[in-house]
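# Fold and contact review
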Amino acid sequence: AGGAPQSRSIDESVDVLVVGGGAAGVPAAIQAARLGASVLLMEMGSQLGGTTTTGGVDFPGLFHAWTKQIISGIGWDLVTRTVELGDGVLPDFSTPPERHWQHQIRINGQLYAALAEEECIASGVDLCYYELPRSGRLAHDGWQIECCGKGVRRRVTCHQLIDCTGGADLVGMLGYPRLRDDETQPGTMIMRFEGYNASALDGDEVERRYQSALEDGDLLPGDYAARGGRFMQFLAGGGENANHIFGADSSTSITKTYANVRGRAAALRLLRFIRSLPGCEAARIARLQPEAGVRETYRIEGETIITHQDYTSGRSYPDGVCHSFYPIDLHTEEGVTPKPLTKGTVPVIPLRALLPKGSRRLLAAGRSVSSDRLANSALRVQASCMGMGQAAGAAAALSARADISPIDLDVELLRRTLEGQGAIVPG
């Protein structure tokens, strides 16, 4: 008895390796498997869903633009099944919303994680939690990726590789160029407070105390992130997506630790302050996510870079594979003021924006899509990432079958395949 545990070494070959099980990675893996590819989905956390689940942004959108559905397929199916099984309600998409968030869909994040896992297994996806790549090299017909996990050393040989890490982690590890600006958007720790009646509070007194707490350092800028908002708005909403963590970065374990620690410290400051308010003595934390959500780190430098002008003009591409729809949504230290798109505009994402420049048998989908900073502030949302993921999964499966790189794939074949799989393809 006792002694050091033995590390298990695994060597395996698959058609497609998907790294990252978030909004893009789940549809990518399921789609590739449904098209007959052998698929391994590697996630360094404990569950699928990423920002939707672990990050707590359990209101994915937007799937509709100007009352018309523009993103469907695997992600949409999982979201609507979550709503149905969780006794939720879909918004009325036939009515134009006054604010974009009114067409976001409230779901139970943990139920979504379970359903995503169930669908992966049913589709034949092999799941690996608590593992991540540590090195890789090109093989003659694909990639050889060295991975590590708790008590496991895994070597995966794959024909096609999809980076769905959100920050182009794999693309950077393999030496391909990435894009990043000097300034990045703040992150958010999703939290909710309860145990008080906001309507019974003296709003002016609450605001006076809030400003005093900021001046005294009991609260810090960013603890409440609304631009010019009164703290009563925070209390009325219970918090939720109303916090900013400046400098939040998920690029390394060190920076991710820093973001999480700062997010939880903000929650404690807010709780202590709220409990100091007359009438809020019994306030408590009802929800605090295990990880901070990060909006922006690295993006790939793709064969095509989607610019702000491309996005806001709805530029069409001959290799368009899915849509995106969201206002330009750049968060700063002063807050955020979304800039809606011109009526009728529906942005398009081309396949070449999912292909790291100069790469072979490699795709990237999700928040790290090749784009400039302003375009990315809208492209990064979950529904768009789901559409990108499904497109990348189909491209990888078809490319593996033909033994080619995705850049050489027949785009019309890809588009027809996606339509046959329930996705909406740009016209």
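Our subject is the structure that appears above.
It should be emphasised that the depicted structure is a prediction, and the values quoted were computed from it without experimental measurement.

## Examining helix α5 (residues 203–216)
- With 14 residues, α5 extends 20 Å between its outermost C-alpha atoms, agreeing within 8% with the 20 Å of an ideal straight helix rising 1.5 Å per residue.
- Turning to α5, its buried residues are Gly203, Val206, Glu207, Tyr210 and Ala213. Buried positions in α5, seen along its axis, are confined to an arc of 125° and lie on one side of it. In α5, the exposed positions angled more than 90 degrees off the buried face are occupied by Asp204, Arg208, Glu215 and Asp216.
- Lining the buried residues of α5 we find α6 (231–237) and α7 (253–275).
- Where α5 starts, the residue carrying a side-chain oxygen 3.1 Å from the main-chain nitrogen of Asp204 turns out to be Asp202.
- The positive-phi residue at the C-terminal boundary of α5 is Gly217, with phi of around 85°.

## Remarks on the packing of aromatic side chains
- In the structure shown here, the tally under the stated rule is 12 aromatic pairs.
- An angle of 45° between the planes, with centres 6.0 Å apart, marks the rings of Phe193 and Phe234 as tilted. Here Phe193 is found in strand β10 (residues 191–194), whereas its partner Phe234 is found in helix α6, with 41 residues between them in sequence. Each member of the pair, Phe193 as well as Phe234, is classed as buried.
- Aromatic side chains Phe231 and Phe273 sit 5.3 Å apart centroid to centroid with 80° between the ring planes, which places their arrangement in the edge-to-face category. Taken together, the positions of Phe231 in helix α6 and Phe273 in helix α7 put the pair 42 residues apart, joining distant regions of the chain.
- Its relative accessible area of 8% is what places Phe273 among the buried residues.
- For the cation-ring pair, Arg178 lies above Tyr298, with the distance from its terminal atom to the ring centre recorded as 3.7 Å.
- The cationic tip of Arg180 hangs over the ring face of Tyr298; the distance from NZ or CZ to the ring centre is 4.9 Å.

## A short note on the side chain of Thr82
- Checked against the element boundaries, Thr82 lands in helix α2 (residues 74–85).
- For Thr82, a relative accessible area of 1% gives the class buried.
- With near-sequence residues (within four places) excluded, Thr82 lies in contact with Ile107, Asn108, Leu111, Tyr112 and Leu115.

## With respect to a negative patch on the surface
- A contiguous patch of negative charge on the surface is contributed by Asp182, Glu183, Glu333 and Glu334.
- Locating Glu183 in the fold gives a position in the loop between β9 (178–179) and β10.
- On the basis of relative accessibility, which here comes to 44%, the residue Glu183 falls in the partly exposed class.

## Brief notes about the nonpolar core
- Among the nonpolar cores identified, the biggest contains 76 residues, and Val18, Val39, Ile162, Ile306, Tyr311 and Leu414 are the most heavily contacted of them.
- Among all residues touching Ile306, those that are not within four sequence positions of it are Tyr311, Tyr317, Val348, Ile349, Pro350, Ala353, Val369, Ser370, Ser371, Asp372, Ala375 and Leu379.
- One finds Leu201, Phe231, Ile245 and Ala283 within the second-largest nonpolar core, a separate group that totals 29 residues.

## Observations concerning the pairing of strand β7 (residues 142–149)
- Counting buried residues along β7, six of its eight residues qualify, which places the element largely inside the surrounding structure.
- Here strand β6 (residues 131–139) runs beside β7; their pairing, made up of eight bridges, is antiparallel. The residue bridging Ala139 from the neighbouring strand is Gly142, located in β7.
- Hairpin connection between β6 and β7: a loop of two residues separates the two successive antiparallel strands.
- Here seven bridges tie β7 to strand β8 (residues 152–163), and the two strands are oriented antiparallel to one another.

Cut-offs used in this document
Residues numbered from 1 in each chain as written. Predicted model: local features only at pLDDT ≥ 70, side-chain atom pairs only at ≥ 80, totals over all residues. Heavy atoms only, no water. Helix = DSSP H or I, 4+ residues; strand = E, 2+ residues; numbered from the N terminus. Expected span 1.5 Å × (residues − 1). Buried < 20%, exposed > 50% of the residue type's maximum accessible area, 1.4 Å probe, protein only. Arc of directions from axis to C-beta. Contact = heavy atoms within 4.5 Å. Polar contact = N/O pair within 3.5 Å; in protein donor to acceptor, adjacent residues only side chain to side chain. Phe/Tyr/Trp six-rings, centres within 6.5 Å; stacked < 30°, edge-to-face > 60°. Lys NZ or Arg CZ within 6 Å of the ring centre and 35° of its normal. Patch = residues over 30% accessible without salt bridge, like charges linked within 9 Å, V, L, I, M, F, W, Y side chains within 5 Å. Areas by Shrake-Rupley, 256 points an atom, 1.4 Å probe, with all protein chains shown as cover. Salt bridge = Lys/Arg side-chain N within 4 Å of Asp/Glu carboxyl O. Lys, Arg positive; Asp, Glu negative; His and termini not counted. Charge placed at Lys NZ, Arg CZ, Asp CG, Glu CD. Core = buried A, V, L, I, M, F, W, Y, C linked by side-chain atoms within 4.5 Å. Pairing = 2+ DSSP bridges.

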